[in-house]
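Spelled out from the first residue to the last, the chains are:
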Amino acid sequence: PVSSVVITSDLPEAIEHNSTVVLTCSSKGSLLTFTWTNNSNPIVSDGKRLTVTNEQSSSKLTVKDVLRYDLVGPIVCTATNKLEKQSSAPFNLTVYYGPEDVIIKPSATSQYIPSKSDFNLTCSASSSPSATFTWFHDEKELKATGQVLTLKVIEEQGFGKNIGDYKCVAQNAKTKRAVPSAPVRFSVIEPISGVIFTGPTGVLIADNSTANLSCQASVGNVTDRVWLKDGKTLSASSHIVFSSDSSSIFINMLKKEDNGKYTCQLINSVSKQEAHFLMVVNYGPESAEVKGKAEVKLEQPVEFTCTAQSLPPAKITWRINGTVISGQTENVLILDKASYKDSGKYTCEASNAVTGRAATSSSYTFTVKEEIDEGLSDGAIAGIVIACLVAVGASIALFFYCRAKVPVSSPY
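An unreviewed UniProt entry lists the protein under the name Ig-like domain-containing protein, with Ilyodon furcidens as the source organism.

1. Considering the overall build of the protein
When helices and strands are tallied, the protein shows 2 helices and 37 strands. Counting across all 412 residues of the protein, residues that qualify as buried make up 36%. A separation of at least 24 residues holds for 61% of the contacts in the protein among residues at least 6 apart in sequence. Surface exposure of the protein reaches about 24200 Å², of which carbon and sulfur atoms provide 53%.

2. A closer look at the sheet that holds strand E26 (residues 260-268)
In a beta sheet, neighbouring strands are held together by backbone hydrogen bonds and run either parallel or antiparallel to one another. Strands sit in the order E23-E22-E26-E27 across an open sheet of 4 strands; the sheet is antiparallel. Every other strand in the sheet has two partners, leaving strand E23 (232-233) and strand E27 (271-279) as the edge strands with one partner each. Examined bridge by bridge, strand E22 (residues 224-229) and E26 share 6 bridges and lie antiparallel to one another. Bridge pairing links Lys229 to Tyr262 in E26.

3. Section: the side chain of Thr263
Structurally, the position occupied by Thr263 is in strand E26. Given the relative accessible area of 6%, Thr263 is considered buried. Among the polar contacts listed, one links the side chain of Thr263 to the side chain of His276, at a separation of 2.9 Å. In contact with Thr263, not counting residues within four places along its chain, are Phe197, Val226, Trp227, Leu228, Glu274, Ala275 and His276.

4. A short note on the nonpolar core
Grouped together as the largest cluster of nonpolar side chains are 22 residues, with contacts concentrated most on Phe197, Leu213, Trp227, Ile251, Leu254, Tyr262 and Met279. Contributions of two or more residues to this core are made by strand E21 (211-219), strand E25 (248-251), E26 and E27. The contacts of Leu213, once residues within four sequence positions are left out, are Phe197, Thr198, Gly199, Pro200, Trp227, Ser247, Ser248, Ile249, Tyr262 and Phe277.

5. Observations regarding the packing of aromatic side chains
Summed over the entire model, instances satisfying the criterion amount to 8 aromatic pairs. When the centroid spacing of 6.0 Å and the interplanar angle of 35° are considered together, the rings of Phe197 and Phe277 count as tilted. Here Phe197 is found in strand E19 (residues 193-198), whereas its partner Phe277 is found in strand E27, with 80 residues between them in sequence. With respect to class, Phe197 is no different from Phe277; both count as buried. Taken together, the ring pairs connect Phe304, Tyr346, Tyr364 and Phe366 into an aromatic cluster.

6. As for the state of the cysteines
Within this structure, the stated rule accounts for 4 disulfides. Sulfur-sulfur distance for the disulfide between Cys25 and Cys77 comes to 2.0 Å. Handedness of the Cys25-Cys77 disulfide follows from its S-S torsion of about -95°: it is left-handed. One end of the pair, Cys25, is in strand E3 (residues 21-28); the other, Cys77, is in strand E8 (residues 75-80), and 52 residues separate them in sequence. Here Cys25 and Cys77 have matching classes, each one buried. Through a disulfide, Cys306 is tied to Cys348; the S-S separation comes to 2.0 Å.

7. Considering the pairing of strand E18 (residues 184-189)
Taking burial as the measure, the 6 residues of E18 include 5 buried ones, the bulk of the element. Pairing between strand E11 (residues 112-114) and E18: 3 bridges, direction parallel. Of the residues in E18, the one forming a bridge with Ile113 is Val188. Pairing analysis gives 3 bridges linking strand E16 (residues 164-172) to E18, with the strands arranged antiparallel. Counted as the bridge partner of Tyr166 is Val184 from E18.

8. Some remarks on unusual backbone geometry
Between Lys105 and Pro106 the backbone carries a cis peptide bond, its omega angle lying at -5°. Following the sequence through the fold, Pro106 ends up in the loop between strand E10 (95-105) and E11. Residue Ser4 is not a glycine yet carries a positive backbone phi of 50°. Locating Ser4 in the fold gives a position in strand E1 (residues 3-9). Even without glycine at this site, Asp230 takes up a positive phi of about 55°. Along the chain, Asp230 falls in the loop between E22 and E23.

9. Considerations on the confidence of the model for the protein
On average, residues of the protein score 87 in pLDDT, and 85% of them reach the 70 mark or higher. Confidence over residues 408-412 falls short of pLDDT 50; this stretch has 0 contacts with residues more than four positions distant or in other chains.

The rules behind each value
- Residues numbered from 1 in each chain as written.
- Predicted model: local features only at pLDDT ≥ 70, side-chain atom pairs only at ≥ 80, totals over all residues.
- Heavy atoms only, no water.
- Helix = DSSP H or I, 4+ residues; strand = E, 2+ residues; numbered from the N terminus.
- Buried < 20%, exposed > 50% of the residue type's maximum accessible area, 1.4 Å probe, protein only.
- Contact = heavy atoms within 4.5 Å.
- Areas by Shrake-Rupley, 256 points an atom, 1.4 Å probe, with all protein chains shown as cover.
- Pairing = 2+ DSSP bridges.
- Polar contact = N/O pair within 3.5 Å; in protein donor to acceptor, adjacent residues only side chain to side chain.
- Core = buried A, V, L, I, M, F, W, Y, C linked by side-chain atoms within 4.5 Å.
- Phe/Tyr/Trp six-rings, centres within 6.5 Å; stacked < 30°, edge-to-face > 60°.
- Disulfide = S-S within 2.5 Å.
- pLDDT = per-residue confidence, 0-100.

Take a look at the structure:
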């Protein structure tokens, strides 16, 4: 009978592609033949999967350049004679391999990484036993072990300020192999924070003042600056000059158009921050003009408007025929019921206490017309005219009649 079929190996451990292993199948029995199987399939030397000898009938199975994938499954030896057939327990050959497929994730990253973020690199490799890892920055070894390299470790060791290549090397203590990953290239950029926007603090007057605006970051490396005014890009001009690094602008001889909201945007590869400054440029009054109706009827309402461009709004003084109209300081003058005495030449004077400037309008002539009763119809008017003519005719006839009745006295 066949009994106690056992597989033994001349090597307790094998290295992929680098070992020749002899497996021996032992059994109690006589006139035995042996059959070897792997994953329930006969082991055959095909020159590709396995290189073996005596694979079908020998008690010894020699495997050259042992491969990890082909011998991962259990190997079974079956002993047979004319009386009986008996198989061994499955035998798993220990094959060390790798490292293989060494990669870093994320393998493709942004060229710039925000400082103090939760960014990290993870290295993986297929290996038996499990690989150990060493990290490098531009071929200089980092003081870091393990599969994960954190940004905190990179910054603590003073790396990342300049763009560079990071890679990991996976090592296998059994196979004595060390395999590097493909490099990942990036630099660490500190996000911008604490934007400081400064501008003039005194009173600004058009055509008399200049202004300096400055924009800086408390933290972070600024690579680009954008200036806006009232939401639109601010460009250099004959009176707006940018510094060489665009961190400040100088406005020479302010104009009223320089009034507005200025925005400074600070930008780098990982962040964008902005701040605002409201600049007030006092100006005017540039001119004064009276507008309104040239004439109205008696007791009709009338309204005059004095327009004068000014910041702050100008103080208004109204005059009629050169005389100040007391109590009227608004830019609108209202007469509830126009009278004949309201006719005349009107002027307005606009003054700005901040700029110290004043402007007087040209004279505006206003007339209150006499009201004509237009209530009678044409027929009524014609009747009145005819009645008047009849009355006149009757008076003339009476005159001649009376004259005829008076006797003419003789001159003698």
